[in-house]
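# Coordinates in review
Single-letter residue listing:
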Amino acid sequence: MRDQSMSTRSVVLTLLKRKHEMTTAELSEMLKITEMAVRRHLRGLEDEQLITSRLVRQTMGRPVHKYYLTEKGNENFPRNYSQLSLGFLDDLRDLYGPNAVNQLFEKRHNRLHESYEPSVTGTLKERIRALADIQNEQGYMVQWTENEDGSYEFIEYNCPIAHVAKAYPIACTCEKKLFKELLYTENVERTACMAENGDAHCVYKINKQSTLK
């Protein structure tokens, strides 16, 4: 019984990470359990300070509570601070200037490109699938879909280096550049960004392959 409870707990956290905010009724529908059971899990997560809620008034009906992850709750998801230390970047900037940080990210970009390129092959759709697999392995919680017009939506629900990217937007610039190179298209548009705009997720719109080599 404890294993089942822990599993539901993890699912609740994952749903809140993906959806950003959810009501008890929405969680009940997704989890296929009663609202009473959902509230029991939510109380436990609130006691652990992993989630909190805000009261939302509606034009009709009673106000509802929308639940979302706290900073502590977000820390349950991968954040590779050990691999990319904000403190070291600050020291590098102070010692050698902002351009030194930019050069470091460019070097990281080149290293990632060299590492990922052999695995990202085939058609645009196959490349997107391969890139999503790679990003998932790195903790980005990727979901992608193909739209009716032939474009693709590539969503990252988690950013393992969010704190770094907030301080150094060059990280986001390099990611977009990497995507263009690996997917062989200039038609990569970032429509939402956790680090730059405080959005719930990072979202890319990717159009059909161009002649970029």
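### So, the sheet that holds strand E6 (residues 202-206)
Here we have 4 strands laid out as an open sheet, ordered E3-E4-E6-E5, and antiparallel in their pairing. Both edges of this open sheet fall to strand E3 (142-146) and strand E5 (188-192), since each of them pairs with a single strand only. Here the average twist between neighbouring strands, direction ignored, is 20°. Pairing between E3 and strand E4 (residues 152-156): 5 bridges, direction antiparallel. By the bridge assignment, Glu 146 is partnered in E4 with Tyr 152. In the packing of helix H9 (residues 170-183) onto the sheet, contacts are made with E4, E5 and E6, and the angle to E5 comes to roughly 140°.

### Focus: helix H7 (residues 124-137)
With 14 residues, H7 extends 20 Å from end C-alpha to end C-alpha; this agrees with the ideal 20 Å at 1.5 Å per step. Within the span of H7, buried status applies to Leu 124, Arg 127, Ile 128, Ala 130, Leu 131, Ala 132, Ile 134 and Gln 135. If you follow the buried residues of H7, they end up packed against helix H6 (98-116), E3, E4, H9 and E6. With its phi angle positive at about 95°, Gly 139 sits one or two positions after the end of H7.

### Things to note about the side chain of Arg 127
Secondary-structure assignment places Arg 127 in helix H7. Despite being buried, Arg 127 has no salt bridge partner; Glu 117 is the closest side chain of opposite charge, sitting 6.5 Å away. Non-local contacts of Arg 127, meaning those with residues more than four positions away in its chain, are made with Val 120, Thr 121, Gly 122, Leu 182, Leu 183 and Tyr 184.

### Details of the packing of aromatic side chains
Here the structure, examined in full by the defined rule, presents 3 aromatic pairs. Between the aromatic rings of Trp 144 and Tyr 152, the centroid separation amounts to 6.2 Å while the plane-to-plane angle is 50°, which identifies the pairing as tilted. Residue classification places Trp 144 among the partly exposed residues on the basis of a relative accessible area of 22%. Here Phe 154 and Phe 179 contribute two aromatic rings whose centre-to-centre distance is 5.4 Å and whose plane-to-plane angle is 70°, an arrangement assigned as edge-to-face. You can see Phe 154 sitting in strand E4 and its partner Phe 179 sitting in helix H9, a full 25 residues away along the chain. Assigned by exposure class, Phe 154 and Phe 179 land together as buried. One aromatic cluster is present, formed by Phe 154, Phe 179 and Tyr 204 through successive ring pairs. Above the plane of the ring of Tyr 184 lies Arg 127, whose end atom (NZ or CZ) is 4.1 Å from the centre.

The rules we used
Residues numbered from 1 in each chain as written. Predicted model: local features only at pLDDT ≥ 70, side-chain atom pairs only at ≥ 80, totals over all residues. Heavy atoms only, no water. Pairing = 2+ DSSP bridges. Helix = DSSP H or I, 4+ residues; strand = E, 2+ residues; numbered from the N terminus. Axes fitted to C-alpha atoms, helices over the stretch in contact; angles between N-to-C directions. Contact = heavy atoms within 4.5 Å. Expected span 1.5 Å × (residues − 1). Buried < 20%, exposed > 50% of the residue type's maximum accessible area, 1.4 Å probe, protein only. Lys, Arg positive; Asp, Glu negative; His and termini not counted. Salt bridge = Lys/Arg side-chain N within 4 Å of Asp/Glu carboxyl O. Phe/Tyr/Trp six-rings, centres within 6.5 Å; stacked < 30°, edge-to-face > 60°. Lys NZ or Arg CZ within 6 Å of the ring centre and 35° of its normal.

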